[in-house]
Amino acid sequence: MGNPKDYTVGWICAIPTEYTAAQTFLDEKHEGPDYVSPKDTNDYTLGKMGKHNVVIAVLPNGEYGISSAASTARDMLHSFPNVRIGLMVGVGGGAPSLKHDIRLGDIVISTPGDGNGGIFQYDFGKTMQDQSFRPTGFLDQPPTVLRTACTGLKAQYEREGHRLEESINSILQGNQKLLKYRRPDPSSDKLYHSRVVHPKDQADCTACGDNPSNLVLRPNRTKDQENPAIHYGLIASANQVMKDASIRDKLAAEKDILCFEMEAAGLVNHFPCLVIRGICDYSDSHKNKEWQGYAAMAAAAYAKDLLCRIPPTEVEAERKINDILSSG
């Protein structure tokens, strides 16, 4: 059985699709823990990724949002007291713009800048009342060891290119059970103009159509452009799903937001971590789950590359997250 004291990297997922994707990138899978803290109801997967012992947890089925993520992280730290760095890995909604050519399947990394820590928590209720976006608190930036590894990995990718697509394909090859995790046909990546709202009584976007006047026309990526693309910047987090394109565009323009999600704001001040999101939709009314599996795989593939850049001695040199929290 796995000894909880052997695990130094904590990895949190929000939904089962993300949990499955994370497990597929383990180089070794260990038996479950021989002990967890009383009242800890998390489900754990233990294993080795690169040279690191990693504990992966998922939020309870059907539970989402900031408080649930915080609870999952808290229980993990009680049961795995030697965790020193954290990762929040999964899917999110993109905020494409003229400045940021974000496509489905791309990856967004929470990156500090302009006085923010990489995650922007906003109050959606106040937004609806007076159309101004208000941060609800200061959020910490990721640990230095993770930010440094991001810089190193970015330089490596710029010099050599990445092999994320190859890594995903090698895992999925011949595995019929993971069909939904393959990259969908690029023709299904459709970005509608903000004024085009999905009919509430329609399950898919057939009624929205392929009329060029409804779609933002974007050139196909060339062979010289890497796919998936990786974007570094600010991720917006709140307890409600962002599915209004006009609000998406307003917040993206005001704060240079690249991605929207629902859990990170509940983690970063109590579970120092880097947030990695694969883009599965465009944070608008045209939501579907067709790209969810692949987006989860893309995020997990990047997270593994990141961990493989960090020597275990650097992680061991980090303070335990529990010690950081207890010291205030």
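Conventions adopted
Residues numbered from 1 in each chain as written. Predicted model: local features only at pLDDT ≥ 70, side-chain atom pairs only at ≥ 80, totals over all residues. Heavy atoms only, no water. 1 Å grid on protein atoms, 1.4 Å probe; cavity = no way out; pocket = protein on both sides within 12 Å on 5 of 7 lines; lining within 4 Å. Points joined across faces, edges and corners; volume = space filled by probe spheres on them. Helix = DSSP H or I, 4+ residues; strand = E, 2+ residues; numbered from the N terminus. Nonpolar A, V, L, I, M, F, W, Y, C, P; charged D, E, K, R; others polar. Phe/Tyr/Trp six-rings, centres within 6.5 Å; stacked < 30°, edge-to-face > 60°. Buried < 20%, exposed > 50% of the residue type's maximum accessible area, 1.4 Å probe, protein only. Core = buried A, V, L, I, M, F, W, Y, C linked by side-chain atoms within 4.5 Å. Contact = heavy atoms within 4.5 Å. Salt bridge = Lys/Arg side-chain N within 4 Å of Asp/Glu carboxyl O.

In the annotation of an unreviewed UniProt entry, the chain is listed under the name Purine and uridine phosphorylase and assigned to Lepidopterella palustris CBS 459.81.

Undergrad: Explain the layout of surface pockets to me, please; I cannot follow it from the model alone.
TA: The computed volume of the largest pocket comes to approximately 570 Å³. The wall of the largest pocket is formed by 25 residues, among which Val91, Val241, Met262, Asp281 and Gln292 lie closest to the centre. Mapped onto the lining of the largest pocket, the elements with two or more residues apiece are α1 (16–24), β5 (85–94), β9 (257–261) and β10 (273–281). Looking at the lining of the largest pocket, its residues break down into ten nonpolar, eight polar and seven charged.

Undergrad: What exactly am I supposed to notice about the packing of aromatic side chains here?
TA: For any pair of aromatic rings, the description rests on two quantities: the centre-to-centre distance and the angle between the ring planes. On inspection of all chains with the given rule, the structure shows four aromatic pairs. Plain terms: the ring middles of Tyr44 and Phe80 are 4.8 Å apart, the flat faces sit at 65 degrees to each other, and that makes the pair edge-to-face. Residue Tyr44 is found in strand β3 (residues 43–49), and its partner Phe80 is found in the loop between α2 (66–79) and β5; the two are separated by 36 residues along the sequence. Assigned by exposure class, Tyr44 and Phe80 land together as buried. Ring geometry for Trp291 and Tyr294: centres 6.2 Å apart, planes at 85 degrees, overall edge-to-face. One exposure class covers both Trp291 and Tyr294, and it is buried. Feature note: the residues Tyr7, Tyr44 and Phe80 constitute an aromatic cluster, connected by ring pairs.

Undergrad: Explanation requested: the nonpolar core in the structure shown.
TA: Nonpolar side chains tend toward joint burial in soluble globular proteins. Grouped together as the largest cluster of nonpolar side chains are 84 residues, with contacts concentrated most on Trp11, Leu87, Phe271, Ile276, Tyr302 and Leu306. Of all the elements, helix α7 (residues 292–308) adds the most residues to this core, at twelve residues. Once you skip the residues sitting within four places of it in the chain, Phe271 turns out to touch Gly10, Ile12, Ala73, Met76, Leu77, Val83, Gly86, Leu87 and Ile321. Counting residues in hydrophobic clusters, the runner-up holds twelve residues, among them Ala236, Met242, Ile247 and Phe260.

Undergrad: Can you walk me through the pattern of salt bridges in this structure?
TA: Side chains carrying opposite charge are able to pair once their charged atoms draw close together. Enumeration over the complete set of coordinates arrives at twelve salt bridges. The salt bridge involving Lys99 is made with Asp256; its shortest N-O contact spans 3.2 Å. On the criterion of sequence distance, the pair formed by Lys99 in the loop between β5 and β6 (107–110) and Asp256 in the loop between α6 (245–255) and β9 is long-range, its members being 157 residues apart. With a shortest N-O distance of 3.1 Å, Glu160 and Arg159 are connected by a salt bridge. The class of Glu160 is exposed, set by a relative accessible area of 53%. Here Arg159 falls in the exposed class, since its relative accessible area comes to 58%. Connected via shared salt-bridge partners are Glu18, Glu261, Glu263 and Arg277.

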